[in-house]
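What follows is the residue order along each chain.
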Amino acid sequence: MSKYEVLQGFYAVHDELGSGGFGKVRLATHLLTNQKVAIKIIDKKQLGHDLPRVQTEMDALRNLSHQNICRLYHYIETEDKFFIVMEYCSGGEMFDYIVRKERLEESEARHFFRQLVSAIAFVHSQGYAHRDLKPENLLLTEDLHLKLIDFGLCAKTEKGRIDKHNLDTCCGSPAYAAPELIQGLQYKGNEADVWSMGILLYTLLVGALPFEDDNMQIMYKKIQSGCFYEPEFLSPLSKQLLRAMLQVVPERRISVKKLLEHDWLNHKYTQPVKWNTIYDKNFIDRDVARVMSKYYGFESTDKMIEKIKEWNFDYMTSTYYALLHRKRNGMEIILPMVRNSTNTAPPNV
Ligand SMILES: Cn1cc(Br)cc1C(=O)Nc1[nH]nc2c1CN(C(=O)N[C@H](CN1CCCC1)c1ccccc1)C21CC1
């Protein structure tokens, strides 16, 4: 049984899905809807001075609702822990997927890379940069859709303020970090993300890192050189794209805008990458709202819709998203009988 009393009655907590430097992720069940969710449990003591990373991630996730970004459902802060309830991706990490397949065919790499470019183009359009792109931060759903996670290192480029950072504000994984970031030069988050996406594309196509060495100094030298091995099986078009993304000089690096138009990305696709979000914060699903209005005892579906639109990322937001997920998967959207004193439904939070 889970020892997290703050989750009692709302979620049943199951086994651990993974652990990171500052916390762990547990599989859980959203009790009202029986939907699976993933709960990131972060211990404040373990975080220490990194505490702002959680706030950074929450602020970003509140604004970044996109089909290729793992969705935030519910956010609970207690005295010593954060509980971040998110969409459950049952396909696991892209990292494991590549390891299992060694490397991907161009067509499969393209299927995933188009979704990553879609997520990053959207993140940049909202004034953010992810800054820690790597296969461990890409999750897969059961139907092999890609979901971006871990926005703890992302940066908001205030409108107008040039997005200039130096090393201290970000310590993404060195193997994926852009040369300018490693040199501690002023860098732009967007350009650093393009470099990391280039590294990611290389790992998808080749099944290895382009710049790698056990000795960190030698690895940095390799990154600064921008020279990487191009296996015979790489098509001319994929080589051309990799060279455009892994340009050491940021100004020479391909932009996301040009990337979206690149022939490799659009090969055998009739539609360009749809990078804008398919979700509309102002559009609430009426079927879901109706079922919730009955359960929560709201006088009308419209009143329930107004409440959901507050997006408080409380249990109500979590219930809305869990029911929406059920509906999207063709499952019926039901809640226990109308909540009242007799049934044991959790209190209305
Ligand atoms: C590994 N795995 C295997 C299966 Br099957 C499902 C999963 C799985 O983790 N699914 C999953 N769904 N939703 C999530 C996850 C994992 N997950 C994560 O947020 N996972 C990250 C993984 N990071 C990659 C580099 C460092 C840590 C994490 C962050 C902090 C602490 C622990 C884990 C969320 C909550 C968003």
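The text that follows walks through the structure, step by step, so that each part is easy to find. (Residues numbered from 1 in each chain as written. Predicted model: local features only at pLDDT ≥ 70, side-chain atom pairs only at ≥ 80, totals over all residues. Heavy atoms only, no water.)

**A look at the overall build of the protein chain**
Then step 1. Within the protein chain, the regular secondary structure consists of 13 helices and 10 strands.
Then step 2. Its C-alpha atoms give the protein chain a radius of gyration of 22 Å, near enough to 20 Å, the size a compact globule of 349 residues would have.
Then step 3. In terms of principal-axis extent, the alpha carbons of the protein chain reach across some 70 × 50 × 45 Å.
Then step 4. The proportion of buried residues among the 349 residues of the protein chain is 51%.
Then step 5. By element, 53% of the accessible surface of the protein chain is carried by carbon and sulfur atoms, the whole surface being about 16800 Å².
Then step 6. Mean positive and mean negative side-chain charge positions of the protein chain (45 and 45 charges, respectively) differ by 4 Å. (Helix = DSSP H or I, 4+ residues; strand = E, 2+ residues; numbered from the N terminus. Rg over C-alpha atoms; globule rule 2.2 N^0.38 Å. Buried < 20%, exposed > 50% of the residue type's maximum accessible area, 1.4 Å probe, protein only. Areas by Shrake-Rupley, 256 points an atom, 1.4 Å probe, with all protein chains shown as cover. Lys, Arg positive; Asp, Glu negative; His and termini not counted. Charge placed at Lys NZ, Arg CZ, Asp CG, Glu CD.)

**With respect to the site of the ligand**
Then step 1. The full set close to the ligand counts 22 residues, and G20, E87, C89, N137 and D150 are the nearest of them.
Then step 2. The contact in question runs from a nitrogen atom of the ligand to an N or O atom on the backbone of E87, over 2.9 Å.
Then step 3. A distance of 2.9 Å is found between a nitrogen atom of the ligand and a backbone nitrogen or oxygen belonging to C89.
Then step 4. Here the ligand, which alone exposes 750 Å², has 83% of that area covered by the protein.
Then step 5. Contributing elements (two or more residues each) for the shell around the ligand: β1 (11–20), β2 (23–30), β3 (35–43) and β5 (81–87). (Near = heavy atom within 4 Å. Polar contact = N/O pair within 3.5 Å; in protein donor to acceptor, adjacent residues only side chain to side chain.)

**Section: the sheet that holds β5**
Then step 1. Overall, antiparallel pairing links the 5 strands, which are arranged β1-β2-β3-β5-β4 in an open sheet. Edge positions in the open sheet fall to β1 and β4 (72–77), since each of these has one partner strand only. Across the sheet, the mean angle from the axis of one strand to that of its neighbour is 25 degrees, orientation sign disregarded.
Then step 2. Taken together, the 5 bridges between β4 and β5 define a ladder with antiparallel strand orientation. Residue pairing across strands places E77 opposite F82, the latter belonging to β5.
Then step 3. On the sheet, helix α2 (residues 52–63) packs against β3, β4 and β5 and is oriented at approximately 145 degrees with respect to β4. (Pairing = 2+ DSSP bridges. Axes fitted to C-alpha atoms, helices over the stretch in contact; angles between N-to-C directions. Contact = heavy atoms within 4.5 Å.)

**Quick notes on the pairing of β2**
Then step 1. Most of β2 sits inside the fold, with 6 of its 8 residues counted as buried.
Then step 2. Examined bridge by bridge, β1 and β2 share 7 bridges and lie antiparallel to one another. Bridge pairing in β2 places E16 opposite R26.
Then step 3. Here β1 folds back onto β2 in antiparallel fashion, the turn holding 2 residues.
Then step 4. Here β2 pairs with β3 via 8 bridges, running antiparallel. Within β3, the residue paired with K24 across the bridge is I41.

**Quick notes on the pattern of salt bridges**
Then step 1. One pass over the full model with this rule turns up 22 salt bridges.
Then step 2. For K81, the salt bridge identified is with D43, shortest N-O distance 4.0 Å. In this pair, K81 sits in strand β5 while D43 sits in strand β3, placing the two residues 38 residues apart along the sequence. Accessibility assignment for this pair places K81 and D43 in one class, buried.
Then step 3. Put simply, K327 and D285 hold a salt bridge, and the shortest N to O gap is 2.7 Å. With K327 in helix α13 (residues 315–328) and D285 in the loop between α10 (263–266) and α11 (286–296), this pair connects stretches of sequence that are 42 residues apart.
Then step 4. Overall, D285 belongs to the buried group, its relative accessible area being 9%. (Salt bridge = Lys/Arg side-chain N within 4 Å of Asp/Glu carboxyl O.)

**A word on the sheet that holds strand β9 (residues 146–148)**
Then step 1. Taken in spatial order, the 3 strands line up as β6-β8-β9 in an open sheet, and their pairing is antiparallel. Each edge of the sheet is formed by a strand with only one pairing partner; in this case those strands are β6 (92–93) and β9.
Then step 2. Contacting β8 (138–140) and β9, helix α4 (residues 106–125) runs over the sheet at an angle of about 30 degrees to β9.

**Remarks on the side chain of R110**
Then step 1. Counting through the fold element by element, R110 comes out in helix α4.
Then step 2. Residues in contact with R110, not counting those within four places in the same chain, are W264, L265, H267 and Y269.

**What to know about the side chain of N137**
Then step 1. Note that N137 resides in the loop between β7 (128–129) and β8.
Then step 2. The class for N137 is buried, based on a relative accessible area of 2%.
Then step 3. Leave out the neighbours within four places in its chain, and N137 touches H130, D132, K147, L148, I149 and D150.

**Structural notes on unusual backbone geometry**
Then step 1. With a phi angle near 70 degrees, E102 is a residue other than glycine that sits in the positive phi range.
Then step 2. Residue placement: E102 occurs in the loop between α3 (94–101) and α4.
Then step 3. Phi angles above zero are rare outside glycine, and K268 is one such case at about 70 degrees.
Then step 4. Position of K268 relative to the elements: it lies in the loop between α10 and α11.

**Observations concerning the environment of D280**
Then step 1. Examined against the element boundaries, D280 turns out to sit in the loop between α10 and α11.
Then step 2. By relative accessible area, which is 43% here, D280 ends up partly exposed.
Then step 3. A distance of 2.6 Å separates a polar atom in the side chain of D280 from the backbone nitrogen of N282.

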